[in-house]
Amino acid sequence: MDYVTLNNGLKMPQLGFGVWKVTDEEATPAVQKALEFGYRSIDTATIYGNEVGVGKAIENSGVPREKLFITTKVWNSDHGYENTLKAFDESLERLGQEYVDLYLIHWPTPKYDQYVDTYKALEKLNKDGRVKAIGVCNFDVEHLQRLLDECEVVPAINQVEYHPYLQQKELKNFCEEHKIQLEAYSPLMNGRDILHDEVIKELAEKYGKTPAQVILRWHLQTNVVVIPKSVTPSRIEENLNVFDFELTDEDMDKIAELDRNLRVGNMPSEMNKR
Ligand SMILES: NC(=O)c1ccc[n+]([C@@H]2O[C@H](COP(=O)([O-])OP(=O)(O)OC[C@H]3O[C@@H](n4cnc5c(N)ncnc54)[C@H](OP(=O)(O)O)[C@@H]3O)[C@@H](O)[C@H]2O)c1
């Protein structure tokens with residue numbers, strides 16, 4: 001496993017395990033398998049409805065807590081300072097944890113304009129030591145700039161949709177400039193087109209790897225944190241086996257050329273669902 005160092009000095013595994021669309025019941029065996037195979041970072045969220053299942057897997061795994069990196073997120077309907085503090089307590093209880101490593105704002109929901117207050121609650125949780133690092137998801141440059149202007153702690157992470165068809169160059173540059181680590185969600189494009197791309201398939205053949213492994217290796221070499229999801233044990237294992245080969249600069253360039261601004265998730269500035 002490779003690690004990145006966040007802007008507050010905290011080390012985070014560069015590859016973690018995502019559990020969106022995994023039921024509470026499915027989450028326990030899936031996360032347990034992931035931990036057995038060697039994943040140490042788990043990405044959940046209040047809205048996924050599986051914090052209890054994830055917590056059970058952590059407890060059953062016997063992996064010492066300090067070796068794990070647990071992320072959860074505050075949902076849109078819990079925005080606002082007091083609501084966020086309450087939502088955090090509830091998440092911790094469901095997870096059966098005394099702290100989480102990373103707490104993220106799930107969406108900026110600009111229509112409600114409460115993300116600055118929400119972020120201030122995250123700053124308090126961070127100050128109180130109940131969260132080791134704080135950050136955001138789905139923030140565009142304008143939302144990040146507002147936090148930089150109006151808050152104290154620079155977000156450690158911006159978790160956004162990112163894969164070869166959506167390379168987010170402007171946002172990535174902005175994050176790098178401000179020492180905000182970009183974290184790639186839907187790194188396999190949610191299991192869609194990119195896995196069948198001809199260029200990716202050719203590279204998979206060349207390296208004796210699967211298309212998913214080539215894509216995940218590309219993520220690592222673009223210096224993002226990446227959190228593929230799978231409930232299939234063979235894929236959970238496959239997605240972790242990406243530390244034993246390296247794509248050449250030429251092959252990285254070939255993948256860079258696949259960018260087509262193609263998004264499978266919501267547009268951050270338009271997502272206001274509560
Ligand atoms: N902050 C946010 O707003 C946000 C939004 C979306 C996602 N996320 C996070 O990012 C994580 C990953 O994103 P994601 O779940 O959207 O999608 P993803 O990881 O890009 O893709 C998951 C899909 O690909 C399939 N898959 C996984 N490994 C595969 C492999 N080796 N070969 C072929 N197919 C494979 C999975 O199928 P099976 O499960 O059936 O194996 C599943 O259908 C989420 O789980 C969540 O933690 C965050």
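To be clear, the structure that these remarks concern was listed above.
Now for a quick tour of the structure. Here the structure is a predicted model, which is why all the values come from computation and not from measurement.

**A few points about empty space enclosed by the protein**
What the rule picks out here adds up to one cavity of 30 Å³ or more. When its volume is computed, the largest cavity comes out at roughly 40 Å³. Together, Asn 138, Phe 139, Asp 140, Val 160, Glu 161, Gln 168, Leu 171, Tyr 185, Arg 263 and Pro 268 line the largest cavity. Split into classes, the residues belonging to the lining of the largest cavity amount to five nonpolar, two polar and three charged.

**Concerning the environment of Met 271**
One can find Met 271 in the segment after helix 10 (249–256). Exposure remark for Met 271: the relative accessible area of 7% places this residue in the buried category. Along the primary structure Met 271 and Asn 158 are separated by 113 residues, whereas in three dimensions their C-alpha atoms are 16 Å apart. Apart from residues lying up to four places away in sequence, Met 271 is in contact with Trp 75, Asn 76, Trp 107, Thr 109, Pro 110 and Asn 266.

**Quick notes on the site of the ligand**
Neighbouring the ligand are 29 residues, the closest being Asp 43, Ser 186, Leu 188, Ser 230 and Thr 232. In the environment of the ligand, an oxygen atom lies 2.7 Å from a nitrogen or oxygen atom belonging to the side chain of Asp 43. Within the contact set of the ligand, a nitrogen atom lies 3.0 Å away from a side-chain nitrogen or oxygen of Glu 238. Its free accessible area being 910 Å², the ligand has 89% of it covered by the protein chains. Of the pockets mapped on this structure, the ligand occupies the largest pocket. Per element, the largest residue contribution to the shell around the ligand is three residues, and it comes from helix 9 (residues 233–240). Partitioning the shell around the ligand into residue classes produces 14 nonpolar, 10 polar and five charged.

**What to know about the layout of surface pockets**
Within this model, the largest pocket holds a volume of roughly 890 Å³. Taken together, 38 residues make up the lining of the largest pocket; nearest its centre are Trp 20, Lys 21, Ser 186, Asn 190 and Lys 229. Secondary-structure elements contributing two or more residues to the lining of the largest pocket are strand 8 (157–161) and helix 9. With three residues, helix 9 is the single largest residue contributor to the lining of the largest pocket.

**Let's talk about the packing of helix 8 (residues 211–221) against helix 10**
Between helix 8 and helix 10, the least distance of the axes is 11 Å, while the angle of their chain directions is 100°. In terms of orientation, helix 8 lies roughly perpendicular with respect to helix 10. Along its contact with helix 8, which presents Val 214, Trp 218 and Gln 221, the element helix 10 presents Met 252, Ile 255 and Ala 256. Of the residues in the contact of helix 8 with helix 10, the class split is five nonpolar, one polar and no charged.

**Things to note about the sheet that holds strand 8**
Read from one edge to the other, the open sheet built from eight strands follows the order 3-4-5-6-7-8-9-10, with strand pairing classed as parallel. Strands at the two margins of the open sheet, each flanked by one partner only, are strand 3 (17–18) and strand 10 (225–226). Relative to strand 6 (residues 100–105), strand 5 (residues 69–74) runs parallel, the two being bridged by four bridges. Directly across from Val 74, in strand 6, lies its bridge partner Ile 105. Running over the sheet, helix 3 (residues 81–95) touches strand 5, strand 6 and strand 7 (131–137) and is turned about 135° from strand 6. Contacts from helix 4 (residues 115–127) reach strand 5, strand 6 and strand 7, with the element oriented near 165° to strand 7.

**Describing the environment of Pro 187**
With respect to the helices and strands, the residue Pro 187 is situated in the loop between strand 9 (181–185) and helix 7 (198–207). Look past the residues within four positions of Pro 187 in its chain and what remains in contact with it is Tyr 162, His 163, Pro 164, Ile 215, Leu 216, His 219, Val 226, Ile 227 and Pro 228.

Each value, and the rule that gives it
Residues numbered from 1 in each chain as written. Predicted model: local features only at pLDDT ≥ 70, side-chain atom pairs only at ≥ 80, totals over all residues. Heavy atoms only, no water. 1 Å grid on protein atoms, 1.4 Å probe; cavity = no way out; pocket = protein on both sides within 12 Å on 5 of 7 lines; lining within 4 Å. Points joined across faces, edges and corners; volume = space filled by probe spheres on them. Nonpolar A, V, L, I, M, F, W, Y, C, P; charged D, E, K, R; others polar. Helix = DSSP H or I, 4+ residues; strand = E, 2+ residues; numbered from the N terminus. Buried < 20%, exposed > 50% of the residue type's maximum accessible area, 1.4 Å probe, protein only. Contact = heavy atoms within 4.5 Å. Near = heavy atom within 4 Å. Polar contact = N/O pair within 3.5 Å; in protein donor to acceptor, adjacent residues only side chain to side chain. Areas by Shrake-Rupley, 256 points an atom, 1.4 Å probe, with all protein chains shown as cover. Sits in = over half its atoms within 2 Å of the grid points. Axes fitted to C-alpha atoms, helices over the stretch in contact; angles between N-to-C directions. Parallel < 35°, antiparallel > 145°, perpendicular 65-115°, else oblique. Pairing = 2+ DSSP bridges.

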